[in-house]
Every structure is written in C-alpha cells, then in structure tokens.
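# Report on the structure
Below are the chains, spelled out letter by letter.
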Amino acid sequence: MQDIEWLTYLLEGTDARPDLPAPRVGDTVEFRITHGGREIEAWRPGGARLGRLPPAETALLSDLLTEDPAWRQGRITALVPRPRQGGARIHVRIGAH
C-alpha cells in the first residue's frame, strides 16, 4: 500500500512524565500490537506509553501493522485540550508513505 493515511485519536491518554517533555504536534509515535492483537498502543520512541487506538481502528488496522512495518510509525497531528479530564486528547496520523 502506498500513500495511504489514517487519522485517529488515542484513548486514555497518559499524563506527561516529569522526566520527558510533553508530547507535541509533529512528534513521532510508534504503534505496537498488544493483548494478542486486541489492542494497538501508541508509544513515544523513548519508551513512554501515550494511549491506545479506539477498538474500531484497531480492528481495521491490526492486519496492516502486522504485514507492513511502515504502518508502525506515525505522528501526532493535534493535541486537543480536555478541560474536565485534564491533559489533552492526542490525535495521530498513521500511514504508509
């Protein structure tokens, strides 16, 4: 697959760790399949977990991540503030280029 992208967001975004800078738009994200393919988690290259993809996206994208390593990398496209919950919802772009 060439030039296909998927825009989505992360569930249960984690709070920034004091030893790492806060996530920013443009930061690289690594996607990992976990729990026997039932979840896809987003991680920072330094090893901090950012959250997981919604179930519908996991169902659609798990085969792509398994088959094509290009789909295991993405970028943060937006940080949307969540005043009631605190922090921000992280929007990400996944795709093969």
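In the block above lies the structure referred to throughout.
I will try to describe carefully the structure that is included in this document.

Definitions and limits used
- Residues numbered from 1 in each chain as written.
- Predicted model: local features only at pLDDT ≥ 70, side-chain atom pairs only at ≥ 80, totals over all residues.
- Heavy atoms only, no water.
- Helix = DSSP H or I, 4+ residues; strand = E, 2+ residues; numbered from the N terminus.
- Buried < 20%, exposed > 50% of the residue type's maximum accessible area, 1.4 Å probe, protein only.
- Areas by Shrake-Rupley, 256 points an atom, 1.4 Å probe, with all protein chains shown as cover.
- Contact = heavy atoms within 4.5 Å.
- Phe/Tyr/Trp six-rings, centres within 6.5 Å; stacked < 30°, edge-to-face > 60°.
- Lys NZ or Arg CZ within 6 Å of the ring centre and 35° of its normal.
- Expected span 1.5 Å × (residues − 1).
- Bend = angle between axes of the 7 residues up to and from the residue.
- Salt bridge = Lys/Arg side-chain N within 4 Å of Asp/Glu carboxyl O.
- Polar contact = N/O pair within 3.5 Å; in protein donor to acceptor, adjacent residues only side chain to side chain.

### Topic: the overall build of the protein chain
Regarding its fold elements, the protein chain presents one helix and six strands. Moving toward the C terminus, one meets the helices and strands of the protein chain in the order β-β-β-β-α-β-β. Relative to its full complement of 97 residues, the protein chain shows a buried share of 34%. Carbon together with sulfur atoms contributes 52% to the accessible area of the protein chain, which is approximately 5,900 Å² in total.

### Observations concerning the side chain of Thr-58
Topologically, Thr-58 is positioned in helix 1 (residues 55–67). Discounting chain neighbours no more than four positions away, the residues touching Thr-58 are Gly-37, Arg-38, Glu-39, Ile-40 and Leu-53.

### Quick word on the packing of aromatic side chains
A complete count under the given rule lists zero aromatic pairs for this structure. A cation sits over an aromatic face here: Arg-32 above Trp-43, 4.3 Å from the ring centre.

### Some details on unusual backbone geometry
One non-glycine residue, His-35, lies in the positive phi region at around 50 degrees. If you trace the backbone, His-35 turns up in the loop between strand 2 (28–34) and strand 3 (39–43).

### With respect to helix 1
The end-to-end C-alpha separation of helix 1 is 19 Å, in line with the 18 Å expected for 13 residues at 1.5 Å each. The principal kink in helix 1, of about 45 degrees, is found at Leu-61.

### Comments concerning the pattern of salt bridges
Tallied over the full model, the rule gives four salt bridges. The salt bridge partner of Arg-32 is Glu-30, with a shortest N-O separation of 2.8 Å. Look at Glu-30 and you get partly exposed, because its relative accessible area is 27%. Here Glu-41 and Arg-49 are joined by a salt bridge, their closest N and O atoms 3.3 Å apart. A residue is classified by how much of its surface remains accessible, and Glu-41, at 8% relative accessible area, is buried. For Arg-49, a relative accessible area of 22% puts it in the partly exposed group.

### Section: the environment of Arg-72
Note on placement: Arg-72 falls in the loop between helix 1 and strand 5 (73–81). If near-sequence neighbours (up to four positions away) are discounted, Arg-72 is found in contact with Val-29, Glu-30, Phe-31, Leu-65 and Thr-66. Separated by 3.3 Å, the side chain of Arg-72 and the backbone oxygen of Thr-66 make a polar contact.

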